[in-house]
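Here are the chains, one letter per residue:
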Amino acid sequence: MHHKASLIRGHWIDNLIHIYSHLIPAADLVVQLSPTLKTKPDVSSFGVDFTDHMLTIEWSSTEGWKAPLIKPFGNLSLHPACSSLHYAIQVFEGLKVYRGDDNKLRLFRPMLNMNRMASSAKKACLPAFDQPEFLECIRRLVEIDQDWVPHSYNASLYIRPTFISTEQSLGVKKPCRALLYVIMCLAGTYFNTNAASLWADPKYIRAWKGGTGDCKMGGNYGCSLFALDEAVDNGCQQVLWLYGDDHQITEAGTMNVFLFWINEDGEEELATPPLDGIILPGVTRQSILDLTRNWGEFKVSERYLTMSQLCSALKQQRVKEMFGSGTACMICPIRHIAYNGQVRNLSNIYKEEI
């Protein structure tokens, strides 16, 4: 009987650990302020100048989430066998905080980022976390470093939540230890020009169905550098990622893609590729869809678009605008596309606006 009671008690404790292991105790947040503050630059490139503090939250399969800690910005200490370094078991997010005309600070739709990060973490076999509690910890970090938020329409403070495995052993397996941390930096202009030039070559594929193209994982970005290097060698800034034998348009660099055109049926339409598992569900993308559908001024579609359709529309002068969207770049017009040995010029669409 005593043995059976011990088993029941042990099973009950294991269930409690499983139920509560995803909770991040924001109420237990510990704050260690930096004794010296950095000088804030007047002008900054994207992702170079970081704020005075960072947020870290440790997790283990035996203890669950530890108390969140806001501390002075500094380097991380990782075991050389850390599995995030060897097997790319890591995910990240990107969101911004803006200063309004009323001097109030506002995060832009942050729960969409929390939801996407939770989805990415699940695919990486990283532990679940309480999204509202995590967001509250981020809010406190922003509050502490609020003087870093620019008084400018052209700049903002970029927030980079990052989630990594800290498993201290080699071997591809589900991690028993992890670290969730947040750093923040000034965000000026992402591109050096007002419009992007794209290089489209179907021999390179960014993502595939059944993979992780709909997740914000570091591996999705690192493996894109080889194609990007070739794009630069061909005089372009970014890659227009194609997919399938019909050369479906998917993403432009790290941006979602939109085409505003007169479609094959003569309708004025704003179209973007659907979320079929290879497209990142961008927060800016969703916001554009929400806004334009609310306007009700033209057709708004999530549909497949191919290079054949785009080239035909350009030839027939049915393209009104083509642009990329993302948190870092916001809205970026596309100037020209190099494809099949020819350059498709879109600059004449924008005229003096670019």
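What counts, and at which threshold
Residues numbered from 1 in each chain as written. Predicted model: local features only at pLDDT ≥ 70, side-chain atom pairs only at ≥ 80, totals over all residues. Heavy atoms only, no water. Domains from an automatic or database assignment. Contact = heavy atoms within 4.5 Å. Buried area = accessible area lost by both parts, 1.4 Å probe. Salt bridge = Lys/Arg side-chain N within 4 Å of Asp/Glu carboxyl O. Phe/Tyr/Trp six-rings, centres within 6.5 Å; stacked < 30°, edge-to-face > 60°. Helix = DSSP H or I, 4+ residues; strand = E, 2+ residues; numbered from the N terminus. Buried < 20%, exposed > 50% of the residue type's maximum accessible area, 1.4 Å probe, protein only. UniProt positions renumbered as here; feature names shortened; annotations may be inferred.

As a measure of interface size, the accessible area lost when the parts come together is often cited. Each assigned domain of the chain is listed here: domain 1 (18–187) and domain 2 (196–345). One C-alpha centre belongs to domain 1, the other to domain 2; they are set 29 Å apart. Contacts between the two partners involve 18 residues from domain 1 and, on the opposite side, 19 residues from domain 2. For domain 1, the biggest contributors to the area lost against domain 2 are Phe-92, Arg-116 and Lys-123; these three give 38% of the whole. Between Lys-123 and Asp-214 there is a salt bridge, and its shortest N-O distance comes to 3.2 Å.

Before going further, it helps to spend a moment on the packing of aromatic side chains. For the coordinates displayed, the defined rule picks out 11 aromatic pairs. Taken together, a centroid distance of 5.8 Å and an interplanar angle of 35° make the contact between Trp-65 and Phe-163 tilted. Of this pair, Trp-65 sits in strand E3 (residues 64–65) while Phe-163 sits in strand E8 (residues 156–165), and the two are 98 residues apart along the sequence. Residue Trp-65 is classed as buried on the basis of its relative accessible area of 8%. We classify Phe-163 as buried; its relative accessible area is 0%. An angle of 80° between the planes, with centres 6.0 Å apart, marks the rings of Phe-129 and Phe-163 as edge-to-face. Placement of the pair is Phe-129 in the loop between helix H3 (110–123) and helix H4 (131–144) and Phe-163 in strand E8, with a sequence separation of 34 residues. Exposure class is identical for Phe-129 and Phe-163. Each is buried. A connected cluster of aromatic rings, assembled from ring pairs, spans Trp-65, Phe-129, Phe-134 and Phe-163.

UniProt annotation of "modified residue: N6-(pyridoxal phosphate)lysine" (unreviewed entry) refers to Lys-216 when read in the numbering used here. Mapped onto the elements of the fold, Lys-216 is located in the loop between strand E10 (196–200) and helix H5 (218–222). Residue Lys-216 is classed as buried on the basis of its relative accessible area of 11%. Ignoring sequence-local partners within four residues, the contact set of Lys-216 consists of Val-91, Phe-92, Glu-93, Gly-94, Arg-116, Ser-120, Tyr-221 and Leu-280.

Let us look at the pattern of salt bridges. Counting across every chain of the model gives 17 salt bridges. The partner of Arg-139 in a salt bridge is Glu-143, with the nearest N and O atoms 3.7 Å apart. Here Arg-139 and its partner Glu-143 are both found in helix H4, four residues apart, which amounts to about one turn of the helix. Among the residues examined, Arg-139 registers a relative accessible area of 37% and is labelled partly exposed. Salt-bridge contacts for Glu-302 lead to Arg-285; the nearest nitrogen and oxygen are separated by 2.7 Å. Within this pair, whereas Glu-302 is found in strand E15 (residues 299–302), its partner Arg-285 is found in helix H7 (residues 283–295), the two being separated by 17 residues in sequence. Classification of Arg-285 as buried rests on a relative accessible area of 1%. Residues participating in the shared-partner salt-bridge network are Glu-136, Arg-139, Arg-140 and Glu-143.

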